[in-house]
Amino acid sequence: MSCILNIETSTSVCSVAASQDGQTIFVKEDLQGPSHAVSLGVFVDEALSFIDSHAIPLDAVAVSCGPGSYTGLRIGVSMAKGVCYGRNIPLIGIPTLEVLSVPVLLYHDLPENALLCPMIDARRMEVYAAVYDRRLQVKRAVAADIVDENSYLEFLNEQPVYFFGNGADKCREQITHPNAHFIDNIHPLAKMMFPLAEKAVADEDYKDVAYFEPFYLKEFVASMPKNFFNFLIFNL
């Protein structure tokens, strides 16, 4: 087992946790954000101080790598890289939608044939979503979905599907199939990353610290209004 620093900043929630031997030993969370630029550095410094004061060797840093908020992901990955460079330790990237799924798998009683559909709000009626089985095997890859009454029918017609995350609430009125179930108050949190991070360590699934980038899904440039670039051109 390893000591891993876990960082999660993909949504408005900012959280940092340290895990050792499969157990969480330090947690700091701010659910009132977004305040990543203010909170993350403080949380990471406190986590590292805790680890060092207990003479625990830090083996790796895991960061939730998207999809999600462009700014949040950029801040989180930058911080993770800084710690990895400073301590000469490897970097782990954990898909955010898998992080979202961990508390559902751990703390909710699901039928054997259940499918999981974590959702992150992408504004309007769009969500970033994927479909997994209970082993987190991908049944449908991550995509930006515009949700309507026909969304996910290929799965809903066959088996129960559980929707959760901050994108799921706005989909309740559109997804009314009898096999659709919604779970409230599920957030991507650093303290839920450790099972996935431990697996990455066991598999030696590390990222290149110099070149690793978050999975934004949609390019930042494409999402910006045209008048934003006009403003830049005439004001720089």
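Refer to the structure presented above.
Residues numbered from 1 in each chain as written. Predicted model: local features only at pLDDT ≥ 70, side-chain atom pairs only at ≥ 80, totals over all residues. Heavy atoms only, no water.

## Focus: the sheet that holds strand β3 (residues 23-30)
Note on sheets: strands pair through backbone hydrogen bonds, and any given pair is parallel or antiparallel. Going by this rule: DSSP-based pairing: two strands are paired if at least 2 bridges between them are found. Strands here are runs of E lasting at least two residues and helices are runs of H or I lasting at least four, both read from the DSSP assignment and numbered beginning at the N terminus. As a rule, the C-alpha atoms of each element are fitted with a line to give its axis, helices using only the stretch in contact, and angles between N-to-C directions run from 0 to 180 degrees. We call two residues in contact when some of their heavy atoms are within 4.5 Å.
Taken together, the five strands give an open sheet; going across it, the order is β3-β2-β1-β4-β5, and neighbouring strands pair in mixed fashion. Strands at the two margins of the open sheet, each flanked by one partner only, are β3 and β5 (91-94). Each strand of the sheet is rotated relative to its neighbour by a mean of 15 degrees, with strand direction disregarded. Bridging between strand β2 (residues 14-20) and β3 involves seven bridges; their strand directions are antiparallel. Considered in β3, the bridge of Val16 is made with Lys28. Sitting on the sheet, helix α1 (residues 36-53) is in contact with β1 (3-8), β2 and β3, with an inclination near 155 degrees to β3.

## Here's the deal with the layout of surface pockets
Any empty space left between the atoms is revealed when a probe the size of a water molecule rolls over them. Quick reminder of the rule: Buriedness of a pocket was judged along seven lines, with at least five required to meet protein on both sides within 12 Å; pockets are open sets of points on a 1 Å grid over the protein atoms alone, cavities are sets where a 1.4 Å probe fits but cannot get out, and lining residues have an atom within 4 Å of a point. Grid points are joined across faces, edges and corners, and a volume is the space filled by probe spheres set on the points. When residues are sorted by character, Ala, Val, Leu, Ile, Met, Phe, Trp, Tyr, Cys and Pro go into the nonpolar class, Asp, Glu, Lys and Arg into the charged class, and all the rest, Gly among them, into the polar class.
A volume near 240 Å³ is recorded for the second largest pocket. Lining the second largest pocket, in full, are Ile92, Gly93, Ile94, Pro95, Glu98, Leu136, Leu196, Lys199, Ala200, Asp203, Asp205 and Lys207. Going through the elements one at a time, β5 and α5 (194-203) are the ones with two or more residues in the lining of the second largest pocket. Sort the elements by how many residues they give to the lining of the second largest pocket and α5 lands first, with four residues. Across the lining of the second largest pocket, the residue classes break down as six nonpolar, one polar and five charged.

## Quick notes on the packing of α1 against helix α2 (residues 70-87)
When two helices pack together, their arrangement is given by the angle between the helix axes and the distance between those axes. As a reminder of what qualifies: An angle counts as roughly parallel when it lies under 35 degrees, as roughly antiparallel when it exceeds 145, as roughly perpendicular when it falls between 65 and 115, and as oblique in every other case. Each crossing gets its handedness from the near helix: less than a right angle anticlockwise from the far helix is left-handed, clockwise is right-handed.
In the contact formed by α1 and α2, the axes pass within 11 Å of each other and the chain directions differ by 30 degrees. When the interaxial angle is binned, α1 and α2 end up roughly parallel. Where α1 crosses over α2, the handedness of that crossing is right-handed. Of α2, the residues touching α1 (which contributes His36, Ala37, Leu40, Gly41, Val44, Leu48 and Asp52) are Gly72, Ile75, Gly76, Met79, Val83 and Arg87. Residues that form the contact of α1 with α2 fall into these classes: seven nonpolar, four polar and two charged.

## Things to note about the pattern of salt bridges
Let me state the cut-off plainly: Only one rule defines a salt bridge in this text: a Lys or Arg side-chain nitrogen within 4 Å of an Asp or Glu carboxyl oxygen. Relative accessibility decides the category of a residue: with a 1.4 Å probe and only protein chains considered, values under 20% of the type maximum give buried, values over 50% give exposed, and everything between is partly exposed.
Scanning all chains against the criterion turns up nine salt bridges. Between Glu46 and Lys28 there is a salt bridge, and its shortest N-O distance comes to 2.2 Å. With Glu46 in helix α1 and Lys28 in strand β3, this pair connects stretches of sequence that are 18 residues apart. A salt bridge links Asp145 to Arg140, with the nearest nitrogen and oxygen atoms 2.9 Å apart. The same class applies to Asp145 and to Arg140, which are both buried.

## Here we look at the nonpolar core
Put simply, the rule reads: Note on terminology: a nonpolar core comprises buried Ala, Val, Leu, Ile, Met, Phe, Trp, Tyr and Cys residues joined through side-chain atoms within 4.5 Å.
Ranked by internal contacts, the top residues of the largest apolar core, which has 33 residues, are Ala62, Ile92, Ile94, Val104 and Phe164. Contributions of two or more residues to this core are made by β4 (60-64), β5, α3 (96-107), β6 (115-121), β7 (126-132), β9 (161-164) and α5. Considering every element that reaches this core, the biggest residue donor is α3, with five residues. With residues near it in sequence (within four places) discarded, Ile92 still touches Ala60, Val61, Ala62, Val63, Ala197, Ala200, Val201, Asp205, Tyr206 and Lys207. Listed in part, the 26 residues of the second largest apolar core include Val16, Val61, Ala80 and Val83.

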